[in-house]
Amino acid sequence: MKAFFYKYRIFFGVLLVFSAITIGLFYNALKPEKTLPIYNPADVNPELVDSTVQYVSKAHTIADFSFVNQNGKTITQKDYEGKVYVADFFFTTCGSICPKMTKNLAEVQAAIKNNPKVMLLSHTVFPETDSVPVLKEYALKHGVIDSKWNLVTGDKKEIYTMARKSYLAVKLGKPEELYDMVHTENFVLVDQKRRVRGFYDGTKKEDMARLIEDITFLCAN
């Protein structure tokens, strides 16, 4: 009798293990794989996109650029070639959303500082006041790591063009003021092929967690 119950326990033990493995296999087979969309101008809020590209629905990529960073170095797309990076728009005297955005981006920097595949790129929307020395002071104040994070200034028209034609992330300012921009809270995730892969609210911690997760995903693919 003891032998019977012993065999009975073994049989049900094996059955339970087999069931658990089977359920796990079915779960993994049915669970959808993580994907990230590829954004084109036609996919986003038209308020954030220049009217000349709002119709573009495929093959959108970040255009070539040339700006000057907090150290007076010229930064181009070559510095970001093959990288995953996060771009945003700000200005140093902003007292509303910028402090929170900068703090959150500094936390993203901490998360990716040892990952050579990832960088950050912040553009001022007030280049007339955010000179190289001003950007350097701001960078030092907020713990910017020069090798990971460029704060850039340059020609306002060029910044405007990048903001609204490439990154699809900045609102039009006063129509009577040429190239006037109203920056938003958007952080823009760009992949290794210069494609826009995500938008995140730079003032929200939960969006930062999602951003870091998506960066990790892009680096692995």
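- Per an unreviewed UniProt entry, the recorded name for the protein is Protein SCO1/2, and the organism is Flavobacterium succinicans.
- You can read under Sequence similarities (unreviewed entry) in the UniProt record for the protein the words "Belongs to the SCO1/2 family."

Remarks on the packing of aromatic side chains
Reasoning step 1: This structure, assessed with the given rule, holds nine aromatic pairs.
Reasoning step 2: For the pair Phe65 and Phe67, a centre-to-centre distance of 6.0 Å together with 15 degrees between the ring planes defines the contact as stacked. Across the pair, Phe67 and Phe65 agree in class, each one buried.
Reasoning step 3: Ring centres of Phe91 and Phe126 lie 4.5 Å apart, and the angle between their planes is 45 degrees; on these two criteria the pair is classed as tilted. Placement of the pair is Phe91 in the loop between strand S3 (84-90) and helix H2 (98-112) and Phe126 in the loop between strand S4 (118-124) and helix H3 (132-141), with a sequence separation of 35 residues.

A short note on the UniProt feature "binding site: Cu cation" (unreviewed entry) in the protein
Reasoning step 1: The residues that UniProt annotates with the feature "binding site: Cu cation" (unreviewed entry) are Cys94, Cys98 and His183. A maximum C-alpha distance of 10.1 Å among these annotated residues, which run over 90 residues, shows that they cluster at one spot.
Reasoning step 2: Position of Cys94 relative to the elements: it lies in the loop between S3 and H2.
Reasoning step 3: Overall, Cys94 belongs to the buried group, its relative accessible area being 7%.
Reasoning step 4: Residue position: His183 is located in the loop between strand S7 (181-182) and strand S8 (186-190).
Reasoning step 5: In contact with His183, other than residues within four places in its own chain, are Phe89, Phe90, Phe91, Cys94, Ile97, Cys98, Val125 and Val170.

Details of the environment of Leu120
Reasoning step 1: Mapped onto the secondary structure, Leu120 falls in strand S4.
Reasoning step 2: Leu120 gets classed as buried once you look at its relative accessible area, which sits at 0%.
Reasoning step 3: With 27 residues separating them along the chain, Leu120 and Ser147 place their C-alpha atoms 9.4 Å apart.

Remarks on the nonpolar core
Reasoning step 1: Grouped together as the largest cluster of nonpolar side chains are 58 residues, with contacts concentrated most on Phe65, Tyr85, Tyr167, Leu189, Leu211 and Ile215.
Reasoning step 2: Excluding anything up to four places from it in sequence, Phe65 contacts Ile75, Thr76, Gln77, Tyr80, Tyr85, Leu121, Met162 and Tyr167.

Brief notes about the pattern of salt bridges
Reasoning step 1: Scanning all chains against the criterion turns up 11 salt bridges.
Reasoning step 2: Where Glu107 meets Lys205, a salt bridge forms, and the shortest distance between an N and an O atom there is 2.7 Å. Of this pair, Glu107 sits in helix H2 while Lys205 is found in helix H5 (residues 205-219), placing the two residues 98 residues apart along the sequence.
Reasoning step 3: The partly exposed category is assigned to Glu107, whose relative accessible area is 37%.
Reasoning step 4: Residue classification places Lys205 among the partly exposed residues on the basis of a relative accessible area of 43%.

Remarks on unusual backbone geometry
Reasoning step 1: For Ala59, which is not glycine, the phi dihedral falls at a positive 60 degrees.
Reasoning step 2: In this fold, Ala59 is placed in the loop between helix H1 (2-30) and strand S1 (66-68).
Reasoning step 3: A positive phi is found at Leu168, a non-glycine position, where the angle reads about 55 degrees.
Reasoning step 4: As for its position among the elements, Leu168 is in the loop between helix H4 (156-166) and strand S6 (171-172).
Reasoning step 5: Residue classification places Leu168 among the buried positions, given a relative accessible area of 0%.

So, the sheet that holds S8
Reasoning step 1: Taken in spatial order, the five strands make up an open sheet running S5-S4-S3-S8-S9, and their pairing is mixed. In the strand order of this sheet, the two ends are held by strand S5 (149-152) and strand S9 (196-201), each with one partner. When the angles between neighbouring strand axes are averaged without regard to direction, this sheet yields 20 degrees.
Reasoning step 2: Sheet contacts for H3: S3 and S5; angle to S5, the most-contacted strand, approximately 145 degrees.

Digging into the side chain of Asn150
Reasoning step 1: Checked against the element boundaries, Asn150 lands in strand S5.
Reasoning step 2: Given the relative accessible area of 3%, Asn150 is considered buried.
Reasoning step 3: Ignoring sequence-local partners within four residues, the contact set of Asn150 consists of Asn69, Gln70, Ile75, Tyr80, Met119, Leu120, Leu121 and Ser122.

Reading the values: rules and limits
- Residues numbered from 1 in each chain as written.
- Predicted model: local features only at pLDDT ≥ 70, side-chain atom pairs only at ≥ 80, totals over all residues.
- Heavy atoms only, no water.
- UniProt positions renumbered as here; feature names shortened; annotations may be inferred.
- Phe/Tyr/Trp six-rings, centres within 6.5 Å; stacked < 30°, edge-to-face > 60°.
- Buried < 20%, exposed > 50% of the residue type's maximum accessible area, 1.4 Å probe, protein only.
- Helix = DSSP H or I, 4+ residues; strand = E, 2+ residues; numbered from the N terminus.
- Contact = heavy atoms within 4.5 Å.
- Core = buried A, V, L, I, M, F, W, Y, C linked by side-chain atoms within 4.5 Å.
- Salt bridge = Lys/Arg side-chain N within 4 Å of Asp/Glu carboxyl O.
- Pairing = 2+ DSSP bridges.
- Axes fitted to C-alpha atoms, helices over the stretch in contact; angles between N-to-C directions.

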